[in-house]
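So you can see what is in the structure, the chains are spelled out below.
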There are 2 protein chains.
Amino acid sequence: MPTIKDVANKAGVGIATVSRVINDSGYVGKKTKEKVLKVIDEIGYHPNEIARSMTRQKNHIVAFVLPNNKHVFFSELLYELEQILFEDDYKVMLCNSSEETYKEIEFLNMLKNNRVDALILLTNNDIEDEIDSKLPIISFDRIIENVPLCTSDNYTGGQMAADILIDKGCEKFLFIGDDAQGVNTPVNTEVSKRRIGFNERLKERGKKQIYNFEYPLGNYLIQPEKAREVLLKYPDVDGIFAISDAVGFTLIKELEALGKNVPKDVKVIGFDGGSKFFDYGRKLSSIAQSPKKIAKALRDMILNFSDNQPVKDIVLPVKFNEGDTT
Amino acid sequence: MPTIKDVANKAGVGIATVSRVINDSGYVGKKTKEKVLKVIDEIGYHPNEIARSMTRQKNHIVAFVLPNNKHVFFSELLYELEQILFEDDYKVMLCNSSEETYKEIEFLNMLKNNRVDALILLTNNDIEDEIDSKLPIISFDRIIENVPLCTSDNYTGGQMAADILIDKGCEKFLFIGDDAQGVNTPVNTEVSKRRIGFNERLKERGKKQIYNFEYPLGNYLIQPEKAREVLLKYPDVDGIFAISDAVGFTLIKELEALGKNVPKDVKVIGFDGGSKFFDYGRKLSSIAQSPKKIAKALRDMILNFSDNQPVKDIVLPVKFNEGDTT
DNA sequence: TAGTATAGTGAAAACCTTTCCACAATATTA
DNA sequence: TAATATTGTGGAAAGGTTTTCACTATACTA
């Protein structure tokens, strides 16, 4: 592979001049520039990005640490993030943690190693102690002290779900979601505000019969058997708010299997975006997040880190996508 | 951030010694080693990976160029690839091309730039001219001259689908899939062998009524309206082989909407893995690829590139996953 | 005991850029 | 015209590693 030196020699100029040409920086005479560009083209020179990273001490790579890129919402977010960062010449390194703390820590170390310039962290583990808040970390959906947060307005989303179910005439409510508290180590996730907003609004509006069901963390999914068990335990429920669309869809299937009509007997609201991502033959009503807006917010935060600007929390609005399950 | 020099100074040794300690290479006295490790721990030294890449001219990053990480099969493959490469300390850079040639070219340039060590290319565009076969490129599902190929045995998969439908008593067959030939520029994709294997086996076994329907490329998906149009066009069909599970599921829904019973009136086979990835309430019969095996094959090919070993084509077996649609 | 492996160490070169600085040539201002 | 800006250029340092090489000290061999 030819280097900048080869270009300089062949063009009869100094390497500094070549550098100025390829970076379009500083003064370069018109004729010199043309000559250099010609040589670059002739010998097929491509600047070595590793060497560039070396001097700049930046490599324009962002790590996205998440439990699992297969989850339909994460998948969408990952896509939008990659698309939008492409425009700023940032690349995305995919880091599936599988919810394993040791992996998350290894990924976090990539910041100290200069393997990546910034890191977006989506975790449900208790790893606060492992986080150096001086590093360029953005937390998604999870409150970590001194780490900038990007999230959707989960609390309002929960309130909206309550309002909709109440307005549609429901009387006995069930929230179902995974236990964001972890097993013994309470972690402060934004996602749990879905439940909190939901329950608080129900109480505000004088609704008494409220059930909560939370199971150990499982990627915002629920086993069908588990879902059925819950539904059998609370047979009188007529309004369900599910922590995610995936859970919502599983519930609908189980409800129908139990002979219930959705939405006539039971109304169901999910969270994420409804049938935008899934298509099970039913259009799930859902509190929708916007992956595109989230991606843009993350991009802005990353650019602020890069420019040494202050990085502020961003909470994005949600909206109700009405389907045929309410 | 402390550097190797800081460690060397504080430990009263040369930087070469520190390097030998952190890389566990060459001779280092026991006491010296302990002293160096102690200092590293004390001052919190982390080797700068950019500098390491500089000397090694390798950065242990693999680019995965694909149309779209949201597609359920790609999503699975991406996941498995990232998981398996993690073990060898390779990181995966996600490169969504959205089927755009200019993006694919930009991603290919990352090899010349030393931005990545190797690249996995999953494309349906005619970009043979842009490919320098001396670069460490692996083509997935697409035949490109002088570029090593990794794929599933699509031809046999097509044959299997034919055999199964015939054995189940079907008489009038339809293949439905996207037009791998592109609009005007024929590209040589492995995926089109699904159709070829299917059709050839049908002919071998004396079946005459064979319909093909191919639509412009669209990520192995089909619009429901389009699906219905095709089904109305060929109302006598009783055995369908769909190029992907996603297409297969859409077909089933449309068939049912048209009052047909699956599998009684029409049998449907998809391709990829069946209900392993999807869950629409039906278990789709499918010719299954193994993302895990593919990921392993890709890993082996990448390691061979890295070791300057010859890199050979790999064709992986498929198997039939019986669901309730045949 | 002399001669040769083996173990242990550090200085310096190399990897390929960017950027600072010094300097030269030309253009502009008073 | 002299003084000062502006434009244009190249040498050299810096960025943080790995690796080669030369060298010393110790252990083994005959």
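Everything below is about the structure shown above.
Reference entry: report on the structure contained in this document. Please read all numbers here as calculations on a predicted model, not as lab measurements. (Residues numbered from 1 in each chain as written. Chains lettered and ligands numbered in written order. Predicted model: local features only at pLDDT ≥ 70, side-chain atom pairs only at ≥ 80, totals over all residues. Heavy atoms only, no water.)

**What about the interface of chain A and chain B?**
(1) Moving on: Contacts between the two partners involve 47 residues from chain A and, on the opposite side, 47 residues from chain B.
(2) Moving on: Summed over both sides, the interface of chain A with chain B buries roughly 4,400 Å², with 55% coming from carbon and sulfur.
(3) Moving on: Contact with chain B buries surface across chain A, with Ile50, Phe86 and Arg115 of chain A losing the most and accounting together for 16% of the total.
(4) Moving on: In this structure, the connection of chain A to chain B is made through four salt bridges.
(5) Moving on: Note that Asp89 of chain B is salt-bridged to Arg115 of chain A, the shortest N-O span being 3.7 Å. (Contact = heavy atoms within 4.5 Å. Buried area = accessible area lost by both parts, 1.4 Å probe. Salt bridge = Lys/Arg side-chain N within 4 Å of Asp/Glu carboxyl O.)

**So, the relation of the copies chain A and chain B**
(1) Moving on: With an RMSD of 0.1 Å, the fit of chain A onto chain B corresponds to turning through 180° and sliding 0.0 Å along the axis. Expressed as a symmetry operation, the mapping of one chain copy onto the other fits a two-fold axis.
(2) Moving on: When the interface residues of chain A are mapped onto chain B, 100% of them again lie at the interface, so the same face is used by both copies. (Least-squares fit on C-alpha atoms with pLDDT ≥ 70 in both.)

**Some details on the protein's contact with DNA strand C**
(1) Moving on: Taken together, 28 residues are adjacent to DNA strand C, and Thr55 of chain A together with Thr17, Tyr27, Gly29 and Thr32 of chain B come closest.
(2) Moving on: Sugar plus phosphate, as a fraction of atoms of DNA strand C within 4 Å of the protein: 61%.
(3) Moving on: Thr55 of chain A places a side-chain nitrogen or oxygen 3.2 Å from a sugar or linking oxygen of DNA strand C.
(4) Moving on: Put simply, the parts of the chain that give the surface near DNA strand C at least two residues each are helix H2 (15-23) and helix H4 (49-56) of chain A together with helix H2 (15-23) and helix H4 (49-56) of chain B.
(5) Moving on: Per-element accounting of the surface near DNA strand C gives the leading share, five residues, to H2 of chain A. (Near = heavy atom within 4 Å. Polar contact = N/O pair within 3.5 Å; in protein donor to acceptor, adjacent residues only side chain to side chain. Helix = DSSP H or I, 4+ residues; strand = E, 2+ residues; numbered from the N terminus.)

**Section: the nonpolar core**
(1) Moving on: Ile176 and Ile240 of chain A together with Ile176 and Ile240 of chain B are the most contacted members of the largest nonpolar core, which has 132 residues in total.
(2) Moving on: If we skip the residues at most four places from it in the chain, Ile240 of chain A touches Leu165, Leu174, Ile176, Leu231, Leu251, Leu255, Val266, Lys267, Val268 and Ile269 of chain A.
(3) Moving on: Grouped together as the second largest cluster of nonpolar side chains are 38 residues, Met93, Met110 and Ile127 of chain A together with Ile61 of chain B included. (Core = buried A, V, L, I, M, F, W, Y, C linked by side-chain atoms within 4.5 Å. Buried < 20%, exposed > 50% of the residue type's maximum accessible area, 1.4 Å probe, protein only.)

**Quick word on the environment of Ser97 of chain A**
Residue and element names in this part refer to chain A.
(1) Moving on: Note on placement: Ser97 falls in the loop between strand E2 (91-96) and helix H6 (101-112).
(2) Moving on: Residue class for Ser97 comes out buried when judged on its relative accessible area of 0%.
(3) Moving on: Residues Ser97 and Phe107 lie 10 residues apart in sequence; the distance between their C-alpha atoms is 8.4 Å.

**Brief notes about the pattern of salt bridges**
(1) Moving on: For the coordinates displayed, the defined rule picks out 45 salt bridges over all chains.
(2) Moving on: Among the ionic pairs, Asp24 of chain B bridges to Lys33 of chain B, the shortest N-O distance being 3.4 Å.
(3) Moving on: Between Asp132 of chain B and Lys134 of chain B there is a salt bridge, and its shortest N-O distance comes to 3.8 Å.
(4) Moving on: Judged by relative accessible area, which is 72%, Lys134 of chain B ranks as exposed.
(5) Moving on: One connected set of salt bridges, linked through shared partners, spans Asp163, Asp167, Arg201, Glu204 and Arg205 of chain A.

**A word on the protein's contact with DNA strand D**
(1) Moving on: For DNA strand D, the set of nearby residues contains 29 residues, the closest of which are Thr17, Gly29 and Thr32 of chain A together with Ser19 and Thr55 of chain B.
(2) Moving on: Atoms of DNA strand D within 4 Å of the protein belong to the sugar or the phosphate in 59% of instances, the rest to bases.
(3) Moving on: In the model, a phosphate oxygen of DNA strand D is placed 2.6 Å from a nitrogen or oxygen of the Ser19 of chain B side chain.
(4) Moving on: Contact distances for DNA strand D include 2.9 Å between a phosphate oxygen and a side-chain N or O atom of Arg52 of chain B.
(5) Moving on: Counting residues per element, the ones that place at least two in the surface near DNA strand D are H2 and H4 of chain A together with H2 and H4 of chain B.
(6) Moving on: Looking at side-chain class alone, the surface near DNA strand D contains 14 nonpolar, 12 polar and three charged residues. (Nonpolar A, V, L, I, M, F, W, Y, C, P; charged D, E, K, R; others polar.)

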